[in-house]
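These are the residues of each chain, in order.
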Amino acid sequence: MTGGRQRRKRLLRKARQAAGVAEATHISSLGDDLVREIFLRLPSLVRHACTCPAWRRVVASSPAFRRRFRALHPAPLLGLFADNEYSGHFRLPAFAPADDSRSDADVLAALRGGDFGLAALDAQERDAGEVEPRRWLVADCRDGYLLLVNWDAAVLAAVNPISPRRLSYIPLPYVKHREDITDRHRGYVKGLRDVHWLSSSDDDPMSFRLVWLYLDESRVRAAVFSSATWDWRILPWVEVARMPQEEDEWLQSGTQANGVLCWRIGNEENLLILDTKTMSFSVWELSGLGLLALDNWQHGSLGVVAGEAKNGDLCIVRHTPLSIKVLTRQADYDGVEKWLTHDRVLSWDEDFLIDNYGRLDSLAIMAGILYFVAGEVVMSLCLETMRMEELFTTPSDLHYSFARLYPYFVAWPPSLVGNRGRFVEVQDDPGNA
């Protein structure tokens, strides 16, 4: 009898010890740092991080982790928005999805669940009683948002195709600030076509700013929109050195990367730069690089695209009818830092580029990868190895012929970019899980 009781006690003790070990090694008992290290080794994160509130918090509470993950796993290209402003047949931009046969789970979920046909925008206009639906053109595409403009109504629409309920309307700056914009101008005043979406900060990831550039005969001024005040601020006129003589269209379309906005000055070999942290202008010289050879060459970026190299440094890619070249900030033989052509050059004698000759459009540089269109084929080019890869083919219809193309990259969903204050409400919204 006594032996039986002792045996049962021993078995019960072992069972309790086993339960303690199991409890100690359960995945819910892992510390946040260890969970993040596990997440870093996953090729796809969003679906895993949204599995439960605890894991969502692990990602949302650490901007440093999100930066590390993006460094190891660059944001995938989801597809292209095509905006043909020269054709009156299309009221909304078209979307060409990337090849989903090679996509990870996050990309497939975004493609299947997203509103890339912009049906929510259509529905909201119908609910508002619009007699004739507006025609929307793309102003920018960044951080998972598509920024659309309707010139007739003088309004911008910020659309998140993955979270279509997040639709915001923003009046253009001249609706309220026309006198401020034209104050003390010289000759004409013109606003560029592009409105630039500035990336949010880690401290306030739900905020954003917009920049729209105005110019007169020899100067520029920026209109800056803040989501905090929901209003525009008009900055003073700034004289531009080295501007071309006797040119009305003396600034070309802009490009953005690493905290700066860049506009090519006419057909010159200079770029107008706006530092988005200090909101100060400067001019970069790209002397002796043959940019003048780009005159009359059909492409949306006018041959110059700024982006981030793999190490995070700013780099510039330019293309001509003969080559694609990489520019980096280097010291010349006098020790003075200049923008110089890197030794890595892709020549147009490549068989693939010859076969797809007819259109060259540099789209974006993300984490050292240049995305561009040759003919109708969307390509990627690793700037470190100069290795090309064919991604997918755009539809061969009128919407994509001579259209501006805007790459759409998968951004962090709102539920993974903050865990304090109003971000808690966003995370607890079941629609963002």
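Please refer to the structure higher up on the page.
Quick caveat: nothing in here was measured; it's all calculated off a predicted structure.

A. Representation of the pattern of salt bridges within the structure. With the rule as written, the count across this model stands at 10 salt bridges. A salt bridge links R219 to D216; the nearest nitrogen and oxygen atoms lie 2.8 Å apart. Exposure class is identical for R219 and D216. Each is buried. Through salt bridges with shared partners, a single ionic network connects D83, R193, D194 and R404.

B. Looking closely at the sheet that holds strand 4 (residues 145–150). Read from one edge of the open sheet, 4 strands run 3-4-5-6, paired in antiparallel fashion. Each edge of the open sheet is held by one strand with a lone partner, namely strand 3 (137–142) and strand 6 (167–171). Each strand axis lies, on average, 20° off the axis of its neighbour in the sheet, ignoring direction. Direction of pairing for strand 4 relative to strand 5 (residues 155–159): antiparallel, over a ladder of 5 bridges. Note that in strand 5 the partner of V149 across the bridge is L156.

C. Looking closely at the nonpolar core. L78, F81, L121 and L148 are the most contacted members of the largest nonpolar core, which totals 22 residues. Contributing elements (two or more residues each) for this core: strand 1 (77–83), helix 6 (105–113), strand 3, strand 4, strand 5 and strand 24 (404–409). Once you skip the residues sitting within four places of it in the chain, L121 turns out to touch L92, W136, L148, A157, L167 and Y169. Judged by nonpolar contacts, the second largest core, of 21 residues, contains I181, V195, W232 and I234.

D. Up close: helix 8 (residues 173–182). All of the buried residues along helix 8 are P173, H177 and I181. Taken around the axis of helix 8, the buried residues stretch over an arc of 85°, which confines them to a single face. Along helix 8, exposed side chains directed more than 90 degrees from the buried face belong to V175, K176, R178 and E179. Looking at the buried side of helix 8, the elements it contacts are strand 6, strand 8 (209–215), strand 9 (219–226) and strand 10 (231–234). Phi for R184, located one or two positions after helix 8, is positive at around 60°.

E. Examining the side chain of H196 more closely. Looking at the element boundaries, H196 is found in strand 7 (residues 190–198). Judged by its relative accessible area of 4%, H196 falls in the buried class.

F. Region of the structure containing the packing of aromatic side chains. Tallied over the full model, the rule gives 18 aromatic pairs. Measuring from ring centre to ring centre gives 6.0 Å for F208 and W230, while their planes differ by 85°; the resulting arrangement is edge-to-face. Of this pair, F208 sits in the loop between strand 7 and strand 8 while W230 sits in the loop between strand 9 and strand 10, placing them 22 residues apart in sequence. The buried category is assigned to F208, whose relative accessible area is 11%. Cluster of aromatic residues (ring-pair linked, three or more members): Y145, W197, F208, F225, W230 and W232.

G. Structural view of the sheet that holds strand 22 (residues 377–382). Spatially, the 4 strands line up as an open sheet ordered 20-21-22-23, and their pairing is antiparallel. The sheet terminates laterally at strand 20 (360–366) and strand 23 (388–393), the two strands that pair on one side only. Averaged over all pairs of adjacent strands, the angle between strand axes in this sheet comes to 25°, irrespective of strand direction. Across 5 bridges, strand 22 lies against strand 23 in antiparallel orientation.

What counts, and at which threshold
Residues numbered from 1 in each chain as written. Predicted model: local features only at pLDDT ≥ 70, side-chain atom pairs only at ≥ 80, totals over all residues. Heavy atoms only, no water. Salt bridge = Lys/Arg side-chain N within 4 Å of Asp/Glu carboxyl O. Buried < 20%, exposed > 50% of the residue type's maximum accessible area, 1.4 Å probe, protein only. Pairing = 2+ DSSP bridges. Helix = DSSP H or I, 4+ residues; strand = E, 2+ residues; numbered from the N terminus. Axes fitted to C-alpha atoms, helices over the stretch in contact; angles between N-to-C directions. Core = buried A, V, L, I, M, F, W, Y, C linked by side-chain atoms within 4.5 Å. Contact = heavy atoms within 4.5 Å. Arc of directions from axis to C-beta. Phe/Tyr/Trp six-rings, centres within 6.5 Å; stacked < 30°, edge-to-face > 60°.

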